[in-house]
Amino acid sequence: MEKKTALRGLKQIKQHLEDESSTVFLFENCQKDAMEIVKDLFGTENDHYDTIGNATKYSAVQREILIEEIDSIILELEDGNLNVMNRDIIGDDHMSSHEDNVFIVHGRDGNVKENVANFLRELGIHPIILHELPNKSRTIIEKFEANSSNVKYAVVLLTPDDLGGLISDPNEQSPRARQNVVFEMGYFFGSLGRGKVCALLYPEVERPSDIDGIMYIPLDQKDEWKSSLFRELKEAQLKLNDWIDPSIEMIAENLYKDSIGVSLGRIKEIPWKLLDEDQKEIYRQQAMPIYKGILDRT
């Protein structure tokens, strides 16, 4: 089956399932159609096929499981990641021993999830993403408990995936994170402690009321969240690769240019990118307290 055809079919199935007026008959047909598409794409020996096939009893919970699983397949297809069975997956029985494991709690924004996961890998951290791990015939909560028990930190992505509001005021609805995201965030607050949980928040997303007042990191288009997340992970004493904060790098480069101006031409002007790392590090060290002062004022 072509990728384009599979995507179109899965999106139609998802749309049918999201219609809350759907019947048992429609549910069963959606399940069968989804299994056929997955079979054509990946065969029958894979987690997607098992999860969809196990949703045999019609209920709101099972409907949500099907939607979540189909949504994860759609994201994989759109990312071009078709070879699910051959991916480099580290399950709960084979967690990395030399890297710190960080659980990513996410909704339906696949781009944000991948950006955060890639940044963690850049820092030498192994990101745990639940839907990428084998099910082993477990329920979702059993799979979650098994894979969340060996992590040192959790990064929660509060993206605008749902709408919600008071039933007494149906016209006032605001973007919210998925219910599983809020649930898992609370779970990690209890199991790891608030100091080991970082929430990345889209500005328009409503904050869960019971934990309002904690520190959130805004998810911005310029990737400035990376600097804040790096500091939080370092404060939590995770083992991190050396990473140059782009904001510090910019200040360091400006300090270097200023030094050339002050020297009145006595220093031969060399572009910043051509300086060796030892020379750059001198200016980075000078830039750090300046950057810290900027952060303290904001």
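These notes cover the structure that comes with them. The structure presented is a predicted model; accordingly, all values stated were derived computationally and were not measured. (Residues numbered from 1 in each chain as written. Predicted model: local features only at pLDDT ≥ 70, side-chain atom pairs only at ≥ 80, totals over all residues. Heavy atoms only, no water.)

Right, let's talk about the packing of aromatic side chains for a bit. Counted according to the given criterion, the structure contains eight aromatic pairs. A centroid spacing of 6.4 Å and a plane angle of 50° characterise the contact between Phe-144 and Phe-183, whose relative ring orientation is tilted. With Phe-144 in helix α6 (residues 140–148) and Phe-183 in helix α7 (residues 179–192), this residue pair connects regions lying 39 residues apart in the sequence. Look at Phe-144 and you get buried, because its relative accessible area is 2%. Ring centres 4.8 Å apart and planes at 70° place the aromatic pair Phe-144 and Tyr-187 in the edge-to-face group. In this pair, Phe-144 is assigned in helix α6 and Tyr-187 in helix α7, connecting sequence segments 43 residues apart. Three or more aromatic residues link up through ring pairs in this structure, and these residues are Phe-103, Phe-144, Phe-183, Tyr-187 and Phe-188. (Phe/Tyr/Trp six-rings, centres within 6.5 Å; stacked < 30°, edge-to-face > 60°. Helix = DSSP H or I, 4+ residues; strand = E, 2+ residues; numbered from the N terminus. Buried < 20%, exposed > 50% of the residue type's maximum accessible area, 1.4 Å probe, protein only.)

Another aspect to go through is helix α4 (residues 60–78). Along its 19 residues, α4 runs 27 Å from first to last C-alpha, staying within 8% of the 27 Å computed at 1.5 Å per residue. Here α4 lies mainly inside the structure; 14 of its 19 residues are buried. (Expected span 1.5 Å × (residues − 1).)

Before going further, it helps to examine the pattern of salt bridges. Counted under the stated rule, the structure contains ten salt bridges. For the salt bridge of Lys-14 with Asp-71, the shortest nitrogen-to-oxygen distance reads 2.7 Å. On the criterion of sequence distance, the pair formed by Lys-14 in helix α1 (residues 3–18) and Asp-71 in helix α4 is long-range, its members being 57 residues apart. No difference in accessibility class separates Lys-14 from Asp-71, as the two residues are buried. The closest approach of N and O atoms between Glu-18 and Arg-108, which form a salt bridge, is 3.2 Å. One end of the pair, Glu-18, is in helix α1; the other, Arg-108, is in the loop between β1 (100–105) and α5 (110–122), with 90 residues separating them in the sequence. It is possible to trace a salt-bridge network through shared partners that takes in Lys-14, Glu-18, Glu-64, Glu-68, Asp-71, Arg-108, Asp-162 and Arg-178. (Salt bridge = Lys/Arg side-chain N within 4 Å of Asp/Glu carboxyl O.)

Moving on, we get to the packing of α1 against α4. Remark: α1 packs on α4, axes separated minimally by 10 Å, with the N-to-C direction vectors making an angle of 155°. The orientation of α1 relative to α4 falls into the category roughly antiparallel. Seen from above, α1 lies across α4 with left-handed handedness. On α4, the residues that touch Lys-3, Ala-6, Leu-7, Leu-10, Lys-11, Ile-13, Lys-14, Leu-17 and Glu-18 of α1 are Arg-63, Leu-66, Ile-67, Ile-70, Asp-71, Ile-73, Ile-74, Leu-77 and Glu-78. Residues of the contact of α1 with α4, tallied by class, amount to eleven nonpolar, no polar and seven charged. (Axes fitted to C-alpha atoms, helices over the stretch in contact; angles between N-to-C directions. Parallel < 35°, antiparallel > 145°, perpendicular 65-115°, else oblique. Left-handed = near helix turned anticlockwise from the far one by under 90°. Contact = heavy atoms within 4.5 Å. Nonpolar A, V, L, I, M, F, W, Y, C, P; charged D, E, K, R; others polar.)

Glancing now at α6. Considered for burial, the residues of α6 that qualify are Lys-143, Phe-144, Asn-147 and Ser-148. One side of α6 carries all its buried residues, which in axial view fall inside an arc of 115°. Those residues of α6 that are buried lie in contact with β1, β2 (125–128) and α7. (Arc of directions from axis to C-beta.)

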